[in-house]
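Summary of structural features
If you want the building blocks of each chain, they are given just below.
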Amino acid sequence: MTTWTLWLGALLVVGGSAAQIKHQPGSARALWVLAVLAFAAAAVGAVTASEVSLPLLLAVVIAIVATGALVAVTNEPKKPAAVRRGAK
């Protein structure tokens with residue numbers, strides 16, 4: 001069950017990144033939050049089922065770090081305040 005939850009989280013991360021690239025930030029954030037929740041559920045599920053192992057822990061940590069990296073890479077750059085106000 002834990003492996004499937006990690007794969008589901010990975011698909012949610014990819015979906016969130018695709019939504020961000022398509023300029024749908026609300027959908028992207030929602031998918032990324034669901035992905036992190038899936039990773040957390042995988043970790044909690046492994047702990048409660050006594051299936052904790054070093055490879056599983058590494059997979060969960062790498063998945064969360066990869067999610068953060070994809071969010072940072074696909075996030076649109078913020079415009080300076082002067083540009084938003086229309087100043088030149």
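Shown above is the structure to which this text applies.
What comes next is a walk through the structure.

What counts, and at which threshold
- Residues numbered from 1 in each chain as written.
- Predicted model: local features only at pLDDT ≥ 70, side-chain atom pairs only at ≥ 80, totals over all residues.
- Heavy atoms only, no water.
- Helix = DSSP H or I, 4+ residues; strand = E, 2+ residues; numbered from the N terminus.
- Buried < 20%, exposed > 50% of the residue type's maximum accessible area, 1.4 Å probe, protein only.
- Contact = heavy atoms within 4.5 Å.
- Expected span 1.5 Å × (residues − 1).
- Patch = residues over 30% accessible without salt bridge, like charges linked within 9 Å, V, L, I, M, F, W, Y side chains within 5 Å.
- Areas by Shrake-Rupley, 256 points an atom, 1.4 Å probe, with all protein chains shown as cover.
- Salt bridge = Lys/Arg side-chain N within 4 Å of Asp/Glu carboxyl O.

Here's the deal with the overall build of the chain
Summing up its helical and strand segments, the chain has four helices and zero strands in all. Beginning at the N terminus, the succession of helices and strands in the chain can be written as α-α-α-α. Within the chain, the proportion of its 88 residues that are buried is 25%. Long-range contacts, defined as pairs at least 24 residues apart, comprise 64% of the intrachain contacts of the chain with a sequence gap of at least 6.

Here's the deal with the side chain of Thr5
Structurally, the position occupied by Thr5 is in helix α1 (residues 2–21). What Thr5 contacts, discounting residues up to four positions off in sequence, is Ala38, Ala41 and Ala42.

Some words on helix α2 (residues 25–48)
Over its 24 residues, α2 runs 34 Å from end to end, which matches the ideal 34 Å to within 8%, given 1.5 Å per residue. All buried positions along α2 are accounted for by Ala28, Trp32, Ala35, Ala38, Phe39, Ala42 and Ala46. Residues of α2 that are buried make contact with α1 and α3 (54–74). Positive backbone phi, approximately 55°, marks Ser50, located one or two places after α2.

As for a nonpolar patch on the surface
A cluster of nonpolar residues, Val33, Leu34 and Leu37, forms a patch on the protein surface that exposes about 280 Å² of accessible area. Within the fold, Val33 resides in helix α2. For Val33, a relative accessible area of 49% puts it in the partly exposed group.

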